[in-house]
Amino acid sequence: MFSKILIANRGEIAVRIIKTCRRMGIATVVVYSEADADSMAVEMADETVFIGAAPASESYLVADKIVAAARETGAEAIHPGFGFLSENASFARRLEKEGIVFIGPNPHAIEAMGDKIESKKFATKAKISVVPGHVGEIDDTAHAIKISEDIGYPVMIKASAGGGGKGIRVAWNRKDVEEGFPAVKAEAKSSFGDDRIFIEKFIESPRHIEIQVMGDKHGNVVHLFERECSIQRRNQKVIEEAPSPLLDEATRAAMGAQAVALAKAVNYDSAGTVEFVAGQDKSFFFLEMNTRLQVEHPVTELITGVDLVEQMIRSAYGEKLAFAQKDLAIKGWAIESRIYAEDPYRGFLPSIGRLVRYYPPEEGAMGDIIVRNDAGVREGDEISMFYDPMISKLSTWAPERLAAIDAMGRALEDFHIEGLGQNIPFLAAVMDQERFRSGQLSTNYIKDEFPEGFIGTPPTDWQRDLVSAVACAMHRIVTARSAPQLLRDEWIVIAGLDKRLVRLSNGGAAYQVEYVNENRALTLTDVDWRPGKRVFRGVLDGKAFTVAVKPAAEGFVVRHRATTLNVLVLTPRSAELHEKLPAKKAADTSKMILSPMPGLVVTLDVIPGQLVRAGEAVCVVEAMKMQNIIRAERDGTVKTVGAKAGDSVAADEVLVEFA
């Protein structure tokens, strides 16, 4: 077995690989950029090598630097993780010449299946059903428009070397192609060093189902069943699960057999994923093959008990697979939620910054469930604008699907992050939705269920009780410390549109919470909170919960899952006076175009005095390797321009002001 492996990646996947290497007794080397000098992966590795500036094009994508680091440290093999050089056939071939083992498939397999254009040609030649599209290279925007109109809108514009949801746009008309084609080429060049593009028919209301395959260098290939990855936003997977609630045994076997056949046809010898687009009628079409480890591999590991990173290492070393297809079986159900640094309340825009507080849920087996959190960050770390905005991958396992979903909802409650926007409330909302719980999924799910964007969810009756109980308990604890003479039992609690008379009595280990005008009472026990703490834990009438809390100008802000309420705990007289206060007016920004996110201005195409029409693109802001087109929301004449190409801007910074 290898004695030392270099990991040519960063973040959570680097940490994930280190953990398996430690268990196998293999030393690790981590390369790092300027932005990752103090990262968890650097801290955990046995050796580290600095490889350059923060942009991936100057560090993680530079093969010469990776090879030099392996030579310097004596690493016998390189694991590329996912992204960066993981699907680069020339890099794998370079390592062969250097006598360094590439922990991934052979270069021929990468070329045949990893390149999105070549894989389409290969699958068509093999008479495998593929999504209709143009599989040749595209010259320019005019050529892209002609192809799109020949196929028929809507179409999907995709980077040939793409992955991770980057380098993809859906075009519904000619204008979308005119804007989307150059944007995808730019993203592809900056993210993958390859700006080739292909276009295919966009199938509406599909499901995204993928088959995990694993091969060795002796001709053996097996599949490890499927993952449902239909919950996507901007073509980026958000929630995955294994197995799929759509498939029956016959369809599962058919998809698995086709995936294995494709892999064997190119002598595939590592972990890989064959992706399919599936109809609600269980029809399916080959989409592409990712010739690397997938981000969502933990759910497959949870239902099969197979460590895919270990199997990749063993295969690269030349070992035969230790199991056959008949030895593999699905056990239980697993859900994965991707925790992203983005603000769901602002259209899921990237939110870079420091993790001022980072409290993940407890990991491990707890009764009939398992909680797993794959992360590469700690409290105090910074989420950089140069890389993917994922903070961690939270996974849960249970014997049945609904139990796994309930475990995920509870784990998301326990996950507390401060310092930047994050999508935990959104993920929690999905776990509570009846449509998701019933398994009626499609890649349009988020667009269908949140057509106006995400604004949180209204409180359920139980959450109304919970929020008022928590607020009264916090108010009592604070008052007991700061002004015990003001302690009383009865309070008016105002939470959103609710106004309730609540009597809170302290019985020592428990609080009795009485809703006076409703003739009922609940018991609040196991309270874990003190002033200044941002998480309140407890048990309300036998149901354990965790809420995020913080002081407001008046009262508290309490969030439970996707429900957030400003809560006031007042005396009857204070409540009476509070009703007479005028509402605060929001600032007027109707004549401004604000940067919706922190990022880098790529282009700013308007000048003072220019007339701009509603819907016209005025600038492009790049953040987290994604180019975001900013459009005017109204007609107007430009008064001032607040930035220029190359400037770094903060969220809400004024880009353009109208007269």
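Conventions we followed
- Residues numbered from 1 in each chain as written.
- Predicted model: local features only at pLDDT ≥ 70, side-chain atom pairs only at ≥ 80, totals over all residues.
- Heavy atoms only, no water.
- Helix = DSSP H or I, 4+ residues; strand = E, 2+ residues; numbered from the N terminus.
- Buried < 20%, exposed > 50% of the residue type's maximum accessible area, 1.4 Å probe, protein only.
- Polar contact = N/O pair within 3.5 Å; in protein donor to acceptor, adjacent residues only side chain to side chain.
- Contact = heavy atoms within 4.5 Å.
- Phe/Tyr/Trp six-rings, centres within 6.5 Å; stacked < 30°, edge-to-face > 60°.
- Lys NZ or Arg CZ within 6 Å of the ring centre and 35° of its normal.
- Pairing = 2+ DSSP bridges.
- Axes fitted to C-alpha atoms, helices over the stretch in contact; angles between N-to-C directions.

*Asks:* Explain unusual backbone geometry to me, using residue names and the numbers behind them.
*Replies:* Going from Tyr 153 to Pro 154, the amide bond is cis rather than trans, its omega being 0°. In this structure, Pro 154 sits in the loop between helix 7 (141-151) and strand 7 (155-163). With omega at -5°, the peptide bond leading from Ala 242 into Pro 243 counts as cis. The topology assignment puts Pro 243 in the loop between strand 12 (236-242) and helix 9 (249-265). Of note, Lys 282 is a non-glycine position whose phi angle comes to about 75°, a positive value. Within the secondary structure layout, Lys 282 lies in the loop between strand 13 (271-278) and strand 14 (284-290). A relative accessible area of 30% places Lys 282 in the partly exposed class.

*Asks:* Requested: an account of the side chain of Gln 212, with residues and values cited.
*Replies:* Secondary-structure assignment places Gln 212 in strand 10 (residues 207-215). Accessibility expressed as a relative area gives 1% for Gln 212, which makes it buried. Polar contacts involving the side chain of Gln 212 include one to the main-chain carbonyl oxygen of Gly 272, which spans 3.0 Å. Residues contacting Gln 212, with those up to four places away along its chain left out, are Val 222, His 223, Leu 224, Phe 225, Arg 227, Ala 271, Gly 272, Thr 273, Thr 300 and Leu 308.

*Asks:* Which residues make up the packing of aromatic side chains, and what are the values?
*Replies:* Scanning the entire structure with this criterion turns up 16 aromatic pairs. Relative to Phe 102, the ring of Phe 91 lies with its centre 6.1 Å away and its plane at 85°, an arrangement referred to as edge-to-face. Of this pair, Phe 91 sits in helix 4 (residues 89-98) while Phe 102 sits in strand 5 (residues 101-102), and the two are eleven residues apart along the sequence. Pair check on accessibility: Phe 91 and Phe 102 agree, each one buried. Its guanidinium or amino end placed over the ring of Trp 491, Arg 488 lies 5.5 Å from that ring's centre, counting from NZ or CZ.

*Asks:* An account of the sheet that holds strand 39 (residues 648-649) is needed here, citing residue identities and associated values.
*Replies:* The strands making up a sheet associate through backbone hydrogen bonding, with each pair oriented either parallel or antiparallel. Judged by pairing direction, the sheet is antiparallel, and its four strands sit side by side in the order 37-36-34-39 without closing on themselves. If you trace the sheet from one side to the other, it starts and ends with strand 37 (626-631) and strand 39, each paired once. Judged from the four bridges that link them, strand 34 (residues 599-604) and strand 36 (residues 617-623) form a sheet pairing that is antiparallel. Note on strand 36: the bridge partner recorded for Val 601 is Val 621. Against the sheet, helix 8 (residues 174-192) engages strand 36 and strand 37, with an angle of about 145° to strand 37.

*Asks:* Tell me about the sheet that holds strand 35 (residues 611-612), residues and numbers included.
*Replies:* Read from one edge of the open sheet, four strands run 33-40-38-35, paired in antiparallel fashion. Here the strands that pair on one side only, and so sit at the sheet edges, are strand 33 (592-594) and strand 35. Alignment of strand 33 against strand 40 (residues 654-658), held across three bridges, turns out to be antiparallel. Each residue of the ladder has a partner; that of Ile 593, found in strand 40, is Val 656.

*Asks:* Any details on the environment of Ala 473? Residues and values, ideally.
*Replies:* Residue placement: Ala 473 occurs in helix 16 (residues 461-482). Distance from Ala 473 to Ala 365, taken between C-alpha atoms, is 31 Å for residues 108 residues apart in sequence. Once residues lying within four places of it in the same chain are set aside, the contact partners of Ala 473 are Leu 504, Tyr 511, Leu 524 and Phe 536.

*Asks:* So what's going on with the pairing of strand 28 (residues 520-528)? Which residues, and what values?
*Replies:* One face of the sheet, then the other: side chains in a regular strand alternate in exactly this way. Where strand 27 (residues 510-515) lies against strand 28, six bridges are found, and the strand directions are antiparallel. Across the sheet, residue Gln 512 finds its bridge partner in strand 28, namely Thr 523. Two elements, strand 28 and strand 29 (residues 535-540), share three bridges in a ladder whose sense is antiparallel. Along strand 29, the bridge assignment pairs Thr 525 with Val 539.

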